[in-house]
Each structure stands twice: as C-alpha cells, then as structure tokens.
Amino acid sequence: MAGFFFVLSSPHACTHNVHINSLRFEWDARNASANLAKHGIAFEEAKSAFYDEHAKLIDGPDHSADEERFILMGLSYALRLVVVCHCYLGADDVVRIISARKATAHETKSCKQR
C-alpha cells in the first residue's frame, strides 16, 4: 500500500508516512453545515485534501485539552488550497474533520515558496 509523506512543522519536526487508503473520515453534520455556510468549504471537499501528495501537516493550536489537533494544508479536488483542522480517533485510522476553509493569500504564498 502506497503512503504519502507529510512534514510536521513544529519544534519536533519529523516525517510521517500516512497510508491514505486506510483512513476513514467522520464529522458532525451540524458543524459541517455551519462550516459550509461560514467558509464555503464542504467537509467532503476538505477530505480530498488528504490525498494531495504535497499537503503540509502542522501541529494544531491548543484549542482542546481533550484531543491533539492538527492542521492540513492541501489541494482539494476543486483545485483550491484548503486548510483543514482535524484530529485522529481510535488507532489513528479515523480522521475527524473539525473545520475547513480556503487558505489565506499569505498561506498560499508561503506554500508556493516551499
């Protein structure tokens, strides 16, 4: 099974080999609807960013004491650079999408410079 490499941008940066084919996605339907209304990004589109071989995975801010959150910046199937806040559940084979939005101009520029 082929995997993709994501680089964590943190003080403890390392490379992870994530097997996308084994990931499952879930989200709260009300949260997904509110996210679509606010940011114009459906979680179904956000899910597709995980298939971008060049996506960047970043340790998320400390928004929750209950779970470790991550930010993924990747290209969606609609060819938009999206920022997806998510966490991993179970044995890390379930991705719970928390929020998604289009990348800002600054984020897009910094991504192109790499």
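Here, every reference points to the structure presented above.
Everything in this summary refers to the structure shown in the same document. (Residues numbered from 1 in each chain as written. Predicted model: local features only at pLDDT ≥ 70, side-chain atom pairs only at ≥ 80, totals over all residues. Heavy atoms only, no water.)

1. A closer look at the packing of aromatic side chains
Right, so step 1: Enumeration according to the criterion identifies three aromatic pairs in this entry.
Right, so step 2: The interplanar angle of 80° and the centroid separation of 5.8 Å between the aromatic rings of tryptophan 27 and phenylalanine 43 together place this pair among those described as edge-to-face. In this pair, tryptophan 27 is assigned in the loop between strand E3 (24–26) and helix H1 (29–39) and phenylalanine 43 in helix H2 (residues 43–48), connecting sequence segments 16 residues apart.
Right, so step 3: Accessibility expressed as a relative area gives 26% for tryptophan 27, which makes it partly exposed. (Phe/Tyr/Trp six-rings, centres within 6.5 Å; stacked < 30°, edge-to-face > 60°. Helix = DSSP H or I, 4+ residues; strand = E, 2+ residues; numbered from the N terminus. Buried < 20%, exposed > 50% of the residue type's maximum accessible area, 1.4 Å probe, protein only.)

2. Remarks on the pattern of salt bridges
Right, so step 1: Taken as a whole and judged by the stated rule, the model has five salt bridges.
Right, so step 2: Residues arginine 96 and glutamate 26 are paired through a salt bridge, measuring 3.1 Å at the closest nitrogen-oxygen approach. Residue arginine 96 is found in strand E7 (residues 94–102), and its partner glutamate 26 is found in strand E3; the two are separated by 70 residues along the sequence.
Right, so step 3: On the basis of relative accessibility, which here comes to 27%, the residue arginine 96 falls in the partly exposed class.
Right, so step 4: Look at glutamate 26 and you get partly exposed, because its relative accessible area is 33%. (Salt bridge = Lys/Arg side-chain N within 4 Å of Asp/Glu carboxyl O.)

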